[in-house]
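Read off the chains here:
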Amino acid sequence: RLAPEGRLDLHGLTREDAREKVRFFLEDSVYQGLQTVLIVTGRGNRSAGEPVLRTDVERYLDFEAKAWVAEWGRAPGQYGGQGALVAFLHKRKNG
């Protein structure tokens, strides 16, 4: 089991701001050589219907973050459970 080496908390951000921060965070984390990171989206308790940020970040990870993210999933309970996502990153390319 790998413990997250980096953490990004998106509480209170808009979708656009969250996407921008996630992109920079993932790019920087790969550059630093991190393997596993945690993205805290919150559980969406204040969202009408489904959790807005989590859903948007999941979509981003699926379709736009493949350059940095090898795999991702909902975080285990000790790291936030339904309110967080764990991402396993690609190794940094030399050059």
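Since the structure is predicted, the reported quantities are computational estimates derived from the model, not experimental observations.

A. Focus on helix 1 (residues 15-31). Here helix 1 contains 17 residues, and its C-alpha end-to-end distance of 24 Å stays within 8% of the 24 Å for a straight helix at 1.5 Å per residue. Tucked inside the fold, the buried residues of helix 1 contact strand 1 (6-9), strand 2 (36-40), helix 2 (52-63), strand 3 (69-74) and strand 4 (84-89).

B. Spatial organisation of the nonpolar core. Ranked by size, the top nonpolar core spans 20 residues in total, and within it Leu 10, Val 22, Leu 26, Ile 39, Leu 61, Val 69 and Leu 89 carry the most contacts. Only helix 1, strand 2, helix 2 and strand 4 provide two or more residues apiece to this core. Take this core: its biggest share by element is 5 residues, from helix 1. In this view, Leu 89 contacts Leu 26, Ser 29, Val 30, Leu 34, Gln 35, Val 37, Trp 68, Val 69 and Ala 70; residues no more than four positions away in its chain are not counted. Judged by nonpolar contacts, the second largest core, of 5 residues, contains Leu 38, Ala 75, Ala 84 and Val 86.

C. The pairing of strand 1, seen in detail. The alternating pattern of strand 1 places Gly 6 and Leu 8 on a buried face and Arg 7 and Asp 9 on a face that is not buried. The sheet contact formed by strand 1 and strand 2 spans 4 bridges and is parallel. Residue pairing in the sheet places Arg 7 in a bridge with Leu 38 of strand 2. The β-α-β motif built from strand 1, the intervening helix 1 and the parallel element strand 2 has right-handed crossover chirality.

D. Expanded view of the sheet that holds strand 3. Reading across the sheet, the 4 strands line up as 1-2-4-3 and stay open at both edges, with mixed pairing between neighbours. Edge positions in the sheet fall to strand 1 and strand 3, since each of these pairs with one other strand and no more. Going from strand to strand, the sheet's axes swing by 20° on average, the running direction of each strand aside. Looking at chain direction, strand 2 and strand 4 are connected through 5 bridges and run antiparallel. Within the sheet, the bridge partner assigned to Val 40 lies in strand 4 and is Ala 84. Those strands touched by helix 1 are strand 1, strand 2, strand 3 and strand 4, and its axis lies near 165° from that of strand 2.

About the criteria used
Residues numbered from 1 in each chain as written. Predicted model: local features only at pLDDT ≥ 70, side-chain atom pairs only at ≥ 80, totals over all residues. Heavy atoms only, no water. Helix = DSSP H or I, 4+ residues; strand = E, 2+ residues; numbered from the N terminus. Expected span 1.5 Å × (residues − 1). Contact = heavy atoms within 4.5 Å. Core = buried A, V, L, I, M, F, W, Y, C linked by side-chain atoms within 4.5 Å. Buried < 20%, exposed > 50% of the residue type's maximum accessible area, 1.4 Å probe, protein only. Pairing = 2+ DSSP bridges. Right-handed = clockwise from strand over helix to strand, strands pointing away. Axes fitted to C-alpha atoms, helices over the stretch in contact; angles between N-to-C directions.

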